[in-house]
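Summary of the model geometry
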Protein chains: 2
Amino acid sequence: MEMKQQLAADQALVEEALARYGDQWPTLGDLKEAMNYSLLSGGKRIRPVLTLAVCRLFGGDPEKALPFACGLEMIHTYSLIHDDLPCMDDDDLRRGRPTNHRVYGEATAVLAGDGLLTAAFGVLVQAELSPAQIVRGVACLSQAAGPAGMVGGQILDLAGEGKTLTYEEILRIQNLKTGCMIEAAARLGAIAADSTPQEEEAAAAYARKIGLAFQIRDDLLDVLGDEAELGKPIGSDRENEKSTFVGLQGIEGCERLIAELTEEAITALTAYPGREFLCQLARMLAGRTR
Amino acid sequence: MEMKQQLAADQALVEEALARYGDQWPTLGDLKEAMNYSLLSGGKRIRPVLTLAVCRLFGGDPEKALPFACGLEMIHTYSLIHDDLPCMDDDDLRRGRPTNHRVYGEATAVLAGDGLLTAAFGVLVQAELSPAQIVRGVACLSQAAGPAGMVGGQILDLAGEGKTLTYEEILRIQNLKTGCMIEAAARLGAIAADSTPQEEEAAAAYARKIGLAFQIRDDLLDVLGDEAELGKPIGSDRENEKSTFVGLQGIEGCERLIAELTEEAITALTAYPGREFLCQLARMLAGRTR
């Protein structure tokens with residue numbers, strides 16, 4: 001299958017599965033509606049697609065990796081809801097639509113996030129994999145999303161606002177805040193395929209590289225992008241006084257970094273014949289315009 | 001061992017284990033401090049003690065149930081932090097100390113809650129139990145704490161403020177908001193003991209009864225209690241315009257309900273010779289003054 005067809009097929013698989021899970025929450029107040037407003041708002045689904053692709057690369061059945069992929073996407077979604085809250089980044093727009101708390105109010109937005117985060121682990125355990133694989137998956141996701149990962153990155157990100165950070169400090173924050181979850185997406189695919197530790201590490205290395213390239217591209221788009229296409233306000237990083245890769249490395253430096261990281265990501269998978277989809281995915285993400 | 005000695009020993013076991021887990025989070029900003037401020041603030045540890053006691057009742061090793069007990073207590077703790085937020089109940093005092101957001105600010109309090117919730121599942125998987133038991137534990141806790149449990153109860157509780165609710169409506173809210181987690185505490189103990197489904201259901205029935213009695217006592221204490229002893233403002237339910245059991249059943253009606261529920265809880269365990277501790281725990285909770 002062509003890369004773009006495969007990508008569309010995987011995205012559709014994820015979208016359907018998320019809609020199925022979203023349909024399962026009970027109707028209590030507007031909780032279900034608020035959870036699904038953000039969960040089913042048509043993100044790019046990069047993380048779950050990565051889980052499916054890594055599972056396929058190592059000979060696993062991507063369908064069996066779906067609960068892992070969807071659980072991770074639910075955690076990614078909750079983090080966006082909480083990040084947008086007035087006490088955090090105070091954003092009004094996300095993916096071209098009003099943020100969760102702008103529609104449902106702050107209290108419901110906090111709870112919609114809590115609900116997605118809690119339910120994510122309940123989705124993981126539904127995977128038709130061995131209990132040992134599921135336990136590995138839960139451990140991996142909790143580690144990546146928790147205080148030593150995404151939540152830790154968010155606290156450093158908030159603490160860094162208004163300060164001038166070094167390249168190393170930005171790198172550390174972005175690695176925790178964004179990188180850990182992209183790496184976890186790859187690891188979950190490897191776990192679902194019951195891969196060897198070597199295979200899992202190769203996929204993790206690939207993911208770390210594309211994750212960083214992804215984040216640098218994000219910073220560039222915040223400076224150069226088109227507001228309508230991006231679905232969020234341009235220049236919001238500068239407005240929130242955030243130190244960014246662009247500020248430290250310049251536009252050309254960032255483009256060079258992205259190109260290097262993408263090649264390194266591809267190199268990490270040299271040993272695996274089925275890597276073509278992931279190589280093209282890395283290049284596509286590196287050159288994205290939104 | 002005497003009941004009170006056993007209780008103190010179990011509480012100490014839980015307290016030490018929580019301190020050990022709390023020591024593990026990395027030091028990123030004030031996240032670790034904020035998480036541990038609430039986690040190690042000396043609650044009664046009713047839920048984790050229940051997990052250990054049920055595990056013991058069914059012949060399991062309570063030490064092996066500790067990660068389950070602590071994971072559940074971490075989720076209970078996160079729920080208190082988020083419930084106290086300005087956009088929720090807007091409380092200034094919890095367990096006799098300023099609430100998390102009053103000390104660390106709203107953003108950090110949200111993240112401390114998110115961190116505890118996420119890390120809880122990482123603690124669960126550390127249990128020295130079979131992968132199948134751990135998967136059952138994760139499923140149980142996610143279900144009880146998620147949109148069909150505690151988070152669902154909280155949204156209904158907020159939606160009910162300022163409205164006159166029927167007894168059945170209050171019962172449903174309390175069951176979701178508080179009952180599900182107390183029931184999960186008992187179930188986790190049964191799962192850690194690798195109990196039969198019958199045993200697990202008996203423990204769950206016991207927990208549902210004491211959970212409801214616990215909540216009715218909470219309402220009574222909110223009306224009658226001593227602020228200093230309770231560690232939170234008296235009359236806060238009335239202030240938040242919450243319908244309560246006391247409002248609907250009166251003080252005497254509530255006392256009668258608590259007594260009935262406690263006897264029903266004890267009856268649920270009739271078949272199990274080692275039930276004495278849990279019987280005394282039920283009576284102690286029913287008569288508590290804070």
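These lines cover the structure that appears in this document, whether it is placed above or below. (Residues numbered from 1 in each chain as written. Chains lettered and ligands numbered in written order. Predicted model: local features only at pLDDT ≥ 70, side-chain atom pairs only at ≥ 80, totals over all residues. Heavy atoms only, no water.)

**Some words on the overall build of chain A**
- For chain A, the helix and strand inventory stands at 14 helices and 2 strands.
- Dimensions of chain A, computed from the C-alpha atoms along their principal axes, are close to 50 × 45 × 35 Å.
- Out of the 290 residues in chain A, the part that is buried amounts to 62%.
- Considering only residue pairs separated by 6 or more positions, chain A has 72% of its internal contacts joining residues 24 or more positions apart.
- Of the accessible surface of chain A, which amounts to about 11200 Å², a share of 48% is contributed by carbon and sulfur atoms.
- Charge-centre separation for chain A: the mean point of 28 positive side chains lies 3 Å from the mean point of 43 negative side chains. (Helix = DSSP H or I, 4+ residues; strand = E, 2+ residues; numbered from the N terminus. Buried < 20%, exposed > 50% of the residue type's maximum accessible area, 1.4 Å probe, protein only. Contact = heavy atoms within 4.5 Å. Areas by Shrake-Rupley, 256 points an atom, 1.4 Å probe, with all protein chains shown as cover. Lys, Arg positive; Asp, Glu negative; His and termini not counted. Charge placed at Lys NZ, Arg CZ, Asp CG, Glu CD.)

**A look at the packing of aromatic side chains**
- Scanning the entire structure with this criterion turns up 7 aromatic pairs over all chains.
- The interplanar angle of 75° and the centroid separation of 5.6 Å between the aromatic rings of tyrosine 37 of chain A and tyrosine 104 of chain A together place this pair among those described as edge-to-face. Of the two residues, tyrosine 37 of chain A sits in helix α2 (residues 31–39) while tyrosine 104 of chain A sits in helix α5 (residues 100–104), which places them 67 residues apart along the sequence. Neither residue differs from the other here; tyrosine 37 of chain A and tyrosine 104 of chain A are each classed as buried.
- Lying across the ring of tyrosine 37 of chain B, arginine 97 of chain B places its NZ or CZ 3.9 Å from the centre.
- The cationic tip of arginine 288 of chain B hangs over the ring face of phenylalanine 214 of chain B; the distance from NZ or CZ to the ring centre is 3.8 Å. (Phe/Tyr/Trp six-rings, centres within 6.5 Å; stacked < 30°, edge-to-face > 60°. Lys NZ or Arg CZ within 6 Å of the ring centre and 35° of its normal.)

**Description of the side chain of glutamate 183 of chain B**
- Here glutamate 183 of chain B lies in helix α9 (residues 167–192).
- In this structure the side chain of glutamate 183 of chain B is engaged in a polar contact, spanning 2.9 Å, whose partner is the side chain of arginine 187 of chain B. (Polar contact = N/O pair within 3.5 Å; in protein donor to acceptor, adjacent residues only side chain to side chain.)

**Some points on the relation of the copies chain B and chain A**
- The transform that puts chain B on chain A rotates by 180° and translates by 0.0 Å along the axis, for an RMSD of 0.0 Å. Taken together, the rotation and translation describe the operation of a two-fold axis. Ranked by how close their C-alpha atoms come to the rotation axis, the residues of chain B are headed by proline 131 of chain B, at 2.6 Å.
- In this assembly the copies share their binding face: 100% of the residues contributing to the interface of chain B also contribute to that of chain A. (Least-squares fit on C-alpha atoms with pLDDT ≥ 70 in both.)

**What to know about the state of the cysteines**
- In this structure the tally under the stated criterion is 0 disulfides over all chains.
- The cysteine cysteine 70 of chain A is free of any disulfide, with cysteine 55 of chain A supplying the nearest cysteine sulfur at 13 Å.
- With relative accessibility at 0%, the residue cysteine 70 of chain A sits in the buried group.
- Left without a disulfide partner, cysteine 87 of chain B is nearest to the cysteine sulfur of cysteine 87 of chain A, which lies 7.4 Å away. (Disulfide = S-S within 2.5 Å.)

**Structural notes on the interface of chain B and chain A**
- Residue-level contacts link 44 residues of chain B with 44 residues of chain A.
- Summing both sides of the interface, chain B and chain A together bury roughly 3500 Å²; the carbon and sulfur share of this comes to 83%.
- Scanning the region where chain B abuts chain A turns up 0 salt bridges.
- When residues of the side of chain B that touches chain A are traced back to their parent elements, those giving at least two are α2 (31–39), α4 (62–84), α6 (106–124), α7 (131–145), α8 (150–160) and α9 of chain B.
- Sorting elements by how many residues they give to the side of chain B that touches chain A places α6 of chain B first, with 12 residues.
- Residue composition of the side of chain B that touches chain A, by class: 30 nonpolar, 10 polar and 4 charged. (Buried area = accessible area lost by both parts, 1.4 Å probe. Salt bridge = Lys/Arg side-chain N within 4 Å of Asp/Glu carboxyl O. Nonpolar A, V, L, I, M, F, W, Y, C, P; charged D, E, K, R; others polar.)

**Digging into the pattern of salt bridges**
- Scanning the model with the defined rule gives 34 salt bridges over all chains in all.
- A salt bridge links lysine 177 of chain B to aspartate 83 of chain B, with the shortest nitrogen-to-oxygen separation between them at 3.8 Å. Of this pair, lysine 177 of chain B sits in helix α9 while aspartate 83 of chain B is found in helix α4, placing the two residues 94 residues apart along the sequence.
- With a shortest N-O distance of 2.9 Å, arginine 217 of chain B and glutamate 255 of chain B are connected by a salt bridge. Taken as a pair, arginine 217 of chain B in helix α10 (residues 197–224) and glutamate 255 of chain B in helix α13 (residues 245–268) lie far apart in primary sequence, 38 residues in all.
- A relative accessible area of 33% places glutamate 255 of chain B in the partly exposed class.
- Through salt bridges with shared partners, a single network forms among Arg136, Glu183, Arg187, Asp194, Glu200, Glu201 and Arg208 of chain A.

**Observations regarding the environment of lysine 32 of chain B**
All names here are of chain B.
- One can find lysine 32 in helix α2.
- The class for lysine 32 is buried, based on a relative accessible area of 18%.
- Lysine 32 has contacts with Gly22, Asp23, Trp25, Pro26 and Thr27, leaving out every residue within four places of it along the chain.
- At 3.1 Å, the side chain of lysine 32 and the backbone oxygen of aspartate 23 are in polar contact.

**Some words on a nonpolar patch on the surface**
- On the surface, a cluster of nonpolar side chains totalling about 250 Å² of accessible area is made up of Val223, Leu224 and Ile251 of chain A.
- Positionally, leucine 224 of chain A belongs in helix α10 (residues 197–224). (Patch = residues over 30% accessible without salt bridge, like charges linked within 9 Å, V, L, I, M, F, W, Y side chains within 5 Å.)

**What to know about the packing of α7 of chain B against α9 of chain B**
Residues and elements named next belong to chain B.
- At a minimum axis distance of 9 Å, the contact between α7 and α9 shows a crossing angle of 175°. Of the possible angle classes, the one that applies to α7 and α9 is roughly antiparallel. Note on element contacts: α9 touches α7 through Cys180, Met181, Ala184, Arg187, Leu188, Ile191 and Ala192, opposite Gln133, Arg136, Gly137, Cys140, Leu141, Ala144 and Ala145.
- Partitioning the contact of α7 with α9 into residue classes produces 10 nonpolar, 2 polar and 2 charged. (Axes fitted to C-alpha atoms, helices over the stretch in contact; angles between N-to-C directions. Parallel < 35°, antiparallel > 145°, perpendicular 65-115°, else oblique.)

**Let's talk about the environment of glycine 71 of chain B**
- Looking at the secondary structure, you find glycine 71 of chain B in helix α4.
- Placed 51 residues apart in sequence, glycine 71 of chain B and glycine 122 of chain B show a C-alpha to C-alpha distance of 8.0 Å.

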